[in-house]
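Close look at the chain arrangement
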Amino acid sequence: MNEKSRLRVQLSATRRGARLARLLTERQLDEWGMPFEAATQVVAELAANAVLHGRIPGRDFRLELRREDDGTLRVEVTDARGERNPRVPDESAELTDGGRGLRIVATYADRWGVVEAPAGAKTVWAELKQPFLTGIGPEEIVHRADQTVPGPLQC
């Protein structure tokens with residue numbers, strides 16, 4: 001893999017930083033000639049989680065995108081709160097205002113998980129193999145996410 005197949009950027013752990021992560025992903029994948037709808041949804045969810053649940057004041061989060069030789073896109077979001085691992089809500093739990101984010105990630109990603117990162121941080125990653133799931137609207141994604149029962153986190 002060469003440097004032209006990778007984007008790595010440090011962003012502020014704010015809503016603005018999360019939006020920027022999504023926009024940078026869209027532009028980078030467009031530049032690589034890859035479909036970006038599914039990946040931008042995954043990045044949006046992981047960046048939002050980094051800002052909402054992984055934030056420590058004064059520390060940023062990191063976004064990394066890697067285009068592998070086989071066409072797989074690997075998304076990694078590293079935040080400062082290594083002790084707070086993501087949890088997928090129990091299937092029977094009522095989803096009201098939250099809880100769909102990781103189900104959406106699981107819907108789009110072929111694999112995803114969490115690993116420890118240096119300095120007490122964690123990296124949540126997802127892999128999307130081509131062709132990415134595209135051409136469906138937000139309502140269908142929410143429906144599929146509600147139907148997804150992800151397995152245990154893969155490390």
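Now for a look at the structure at hand. Note that residues are indexed from 1 along each chain, following the sequence as it is written. Only residues with pLDDT of at least 70 get local features here, since the model is predicted, and only at 80 or more are side-chain atom pairs given and counted; chain-wide, interface and lining totals rely on the full set of residues. Each side-chain value is derived from all of the structure's non-hydrogen atoms; neither hydrogens nor water enter the calculation.

This part is about the overall build of the chain. To qualify as a helix, a DSSP run of H or I must reach at least 4 residues; to qualify as a strand, a run of E must reach at least 2; elements of each kind are numbered from the N terminus. For the chain, the count of helices and strands is four helices and five strands. When the helices and strands of the chain are read in sequence order from the N terminus, they spell out β-α-α-β-β-α-β-β-α. For the exposure calls, accessible area comes from a 1.4 Å probe over protein chains only, and a residue counts as buried if that area is under 20% of its type's maximum, exposed if over 50%, partly exposed in between. Looking at the 155 residues of the chain, the share that counts as buried comes to 42%. Restricting the contact set of the chain to residue pairs at least 6 apart, pairs at least 24 apart contribute 66%. Throughout, the Shrake-Rupley method with a 1.4 Å probe supplies accessible areas, and for residues the shown protein chains are the sole cover considered. Working note: accessible area of the chain is about 8,800 Å², and carbon and sulfur atoms make up 45% of it. It only takes one pair of heavy atoms within 4.5 Å for two residues to be counted as in contact.

The next thing to look at is the nonpolar core. Residues grouped as a nonpolar core are buried Ala, Val, Leu, Ile, Met, Phe, Trp, Tyr and Cys residues, joined through side-chain atoms within 4.5 Å. Counting 33 residues, the largest nonpolar core has Phe61 and Val75 as the members making the most contacts within it. Put simply, the parts of the chain that give this core at least two residues each are strand 1 (6-11), helix 1 (15-32), helix 2 (37-53), strand 2 (61-67), strand 3 (73-79), helix 3 (101-108), strand 4 (111-117) and strand 5 (121-128). Looking at this core, the element that brings in the most residues is helix 2, giving eight residues. If we skip the residues at most four places from it in the chain, Val75 touches Val42, Val43, Leu46, Leu63, Glu64, Leu65, Val124, Trp125, Ala126 and Leu128.

Between side chains of opposite charge, a pair can form when the charged atoms approach closely. Counted as salt bridges are all cases of a side-chain nitrogen of Lys or Arg within 4 Å of a carboxyl oxygen of Asp or Glu. Across all of its chains, the model carries ten salt bridges by this definition. Arg8 is the partner of Glu64 in a salt bridge, and the nearest nitrogen-oxygen pair spans 3.6 Å. In this pair, Glu64 sits in strand 2 while Arg8 sits in strand 1, placing the two residues 56 residues apart along the sequence. A salt bridge links Asp79 to Lys122; the shortest N-O distance between them is 2.8 Å. Here Lys122 lies in strand 5 and Asp79 lies in strand 3, a separation of 43 residues in the sequence. By relative accessible area, Asp79 is classed as buried at 6%. Given the relative accessible area of 4%, Lys122 is considered buried. Members of the salt-bridge network, linked through shared partners, are Arg6, Arg8, Glu64, Arg66, Glu68, Arg74, Glu76, Arg111 and Glu127.

Below, the discussion takes up the environment of Ser5. Position of Ser5 among the secondary structure elements: in the segment before strand 1. Distance from Ser5 to Gln28, taken between C-alpha atoms, is 9.5 Å for residues 23 residues apart in sequence. Apart from residues no more than four positions distant in its own chain, Ser5 is found in contact with Trp32, Leu65, Arg66 and Arg67.

By this rule, a helix spans an expected 1.5 Å times one less than how many residues it contains. The terminal C-alpha atoms of helix 2, which comprises 17 residues, lie 24 Å apart, in line with the 24 Å expected from a rise of 1.5 Å per residue. All buried positions along helix 2 are accounted for by Ala38, Ala39, Thr40, Val42, Val43, Glu45, Leu46, Ala47, Ala50 and Val51. Tucked into the core, helix 2 has its buried residues touching helix 1, strand 2, strand 3, helix 3 and strand 5.

Moving on: unusual backbone geometry. With phi around 60°, Ala119 is a residue other than glycine that occupies positive phi space. You can see Ala119 is positioned in the loop between strand 4 and strand 5.

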